[in-house]
Structure formats: structure tokens, C-alpha cells
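# Summary of structural features
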Amino acid sequence: GQQVQQSPASLVLQEGENAELQCNFSTSLNSMQWFYQRPGGSLVSLFYNPSGTKHSGRLTSTTVIKERRSSLHISSSQTTDSGTYLCALEGNTGKLIFGLGTTLQVQP
Amino acid sequence: DPKIIQKPKYLVAVTGSEKILICEQYLGHNAMYWYRQSAKKPLEFMFSYSYQKLMDNQTASSRFQPQSSKKNHLDLQITALKPDDSATYFCASSQAPWEQFFGPGTRLTVL
């Protein structure tokens, strides 16, 4: 089975609402990385988070290794947040194992 | 200025031909990677290099060969191309073992 599972697969919000994206993993990891994939395909790193909570503007990432999960919280969503959010766990040799992503659509 | 350059942005090839995908990074990183993203599949790890040495190869086929001529270059040669090779290929780099940064990708279509 897939080692990294993301939920939900898709999400539609009204501008201003909050979103909670989940990532569960079934194998041990060195770290967890969250990415935003633009509609054109390029990936932007949002967080590199081995454990605990990190903040960046309206984004918060929390990784709980013992529970094998990581989450990405988006507060006060904006239409420009629309796109695909990917989580990836970092194994040995630096290899990233990706989930299928959460597609977020924020409507005005 | 883009810090990771991939060339070309788009590539169309015929079945059976050979192509080279170029990747250069100007972040001063010591590790470089190749990933592939096909339709409806997760991004898939292919290779990792550290200090120009192969660290990990998860590609079953020998048709895919990374080439590192300089510390900040990691090209990907693909031979005997098949339609199934159609995908977007991403190069990434990191100051291992830290955060990875991705290039814009090369979208390959094999006819």
C-alpha cells in the first residue's frame, strides 16, 4: 500500500475559511516536507518539519512522529491559495516519498 | 533569478530516440535528485547524488542514466524512449540532509 496518504483528496472553501490538510505515513522517516504545487506544475517548499510545529504567515505545519502524521493548517484562505498541496516524507539517502496531494480550491 | 535551472521546459520525442534533460543548481548544495511525475501518480523518486556520487537509484530501468559532469549539474539521459516515459521530470537539490528545493520541471512527451 501507499506509504504516504493525504486527506482530503480535494477541498473547496470560501475565501476566509480555514483548512486542515492531513498526511499519514506508514513508515519511519527522517523528516516531513510540505509543498505547494502551482497549477503550472512547479513546486514550492512550504515547510521542512522533522517534528513539532512551525509557522509561516497564515500557514502552520505540525508533525507528530509517534502518531505518524503531519498536518498543514491554512488560516483565512485566499483565492491565491488554490492549487495542490503535497506532503513528502524523507527517508534515508534523502529520498522523498510523496502523497497524491490535496487539491484546494478557494472561491471568492 | 532562478536558482535551479532545467532545460528544456518542454520536449517532444519519438519512440526509440534518446534525450538528455539538463539540470543546474546555483544554491551551493551538495546533493541533487531526480523525480518524475506522471498523470494520476504521486511524484516518484528516481535518483539521488551527493558530492557527485550516486546515493540511491530507485529506477528499475537502465535506460535512465544520470550524469554529473560538475558539482552543480545533474543531467538525466533517457535512451530508447517509450510512450510510458511521458511525464514531467523534476530536478531538486538540498544541502543534505535538509530541505529539498525543486526546479521548474521538464515536460516530456513521447510519441
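Note: the structure precedes this text.
Remember, predicted model here, so these are calculated numbers, not experimental data.

We now examine the state of the cysteines. What makes a disulfide is a covalent bond joining the sulfur atoms belonging to two cysteines. Overall, the coordinates contain two disulfides over all chains when judged by the stated rule. Here Cys23(A) engages in a disulfide with Cys87(A); their sulfurs sit 2.0 Å apart. On the S-S bond that ties Cys23(A) to Cys87(A), the torsion sits near 75°, and the link is right-handed. One end of the pair, Cys23(A), is in strand β3 (residues 19-25); the other, Cys87(A), is in strand β9 (residues 83-90), with 64 residues separating them in the sequence. A relative accessible area of 0% means that Cys87(A) is categorised as buried. At a sulfur-sulfur separation of 1.9 Å, the disulfide partner of Cys23(B) is Cys91(B). Across the S-S bond of Cys23(B) and Cys91(B) the torsion is about -65°, and the bridge reads as left-handed.

This next bit is on the sheet that holds β3(A). Remark on secondary structure: sheet strands pair via backbone hydrogen bonds, oriented parallel or antiparallel. Residues and elements named next belong to chain A. If you trace the five strands from one edge of the open sheet to the other, you get β1-β3-β8-β7-β6, paired in antiparallel fashion. Strands at the two margins of the open sheet, each flanked by one partner only, are β1 (4-7) and β6 (52-56). Mean inter-strand twist for the sheet, computed between neighbouring axes without regard to direction, equals 15°. Here β3 pairs with strand β8 (residues 69-74) via six bridges, running antiparallel. Within the sheet, the bridge partner assigned to Ala 19 lies in β8 and is Ile 74.

All right, on to the layout of surface pockets then. Here the largest pocket is characterised by a volume of approximately 470 Å³. Around the largest pocket, the lining comprises 26 residues; the ones closest to its centre are Gln37(A), Gln37(B), Ser38(B), Ala39(B) and Thr88(B). Of all the secondary structure elements, the ones that give two or more residues to the lining of the largest pocket are β9 of chain A together with β9 (87-94) and β11 (106-110) of chain B. A class-by-class count of the residues in the lining of the largest pocket yields nine nonpolar, 13 polar and four charged. For the second largest pocket, the calculated volume is near 270 Å³. Among the elements of the structure, β5 (43-49) of chain A together with β10 (101-102) of chain B are those that each provide at least two residues to the lining of the second largest pocket. Residue contributions to the lining of the second largest pocket peak at three residues, all from β5(A). Along the lines of polarity and charge, the residues of the lining of the second largest pocket split into nine nonpolar, four polar and two charged.

Quick notes on the rules
Residues numbered from 1 in each chain as written. Chains lettered and ligands numbered in written order. Predicted model: local features only at pLDDT ≥ 70, side-chain atom pairs only at ≥ 80, totals over all residues. Heavy atoms only, no water. Disulfide = S-S within 2.5 Å. Helix = DSSP H or I, 4+ residues; strand = E, 2+ residues; numbered from the N terminus. Buried < 20%, exposed > 50% of the residue type's maximum accessible area, 1.4 Å probe, protein only. Pairing = 2+ DSSP bridges. Axes fitted to C-alpha atoms, helices over the stretch in contact; angles between N-to-C directions. 1 Å grid on protein atoms, 1.4 Å probe; cavity = no way out; pocket = protein on both sides within 12 Å on 5 of 7 lines; lining within 4 Å. Points joined across faces, edges and corners; volume = space filled by probe spheres on them. Nonpolar A, V, L, I, M, F, W, Y, C, P; charged D, E, K, R; others polar.

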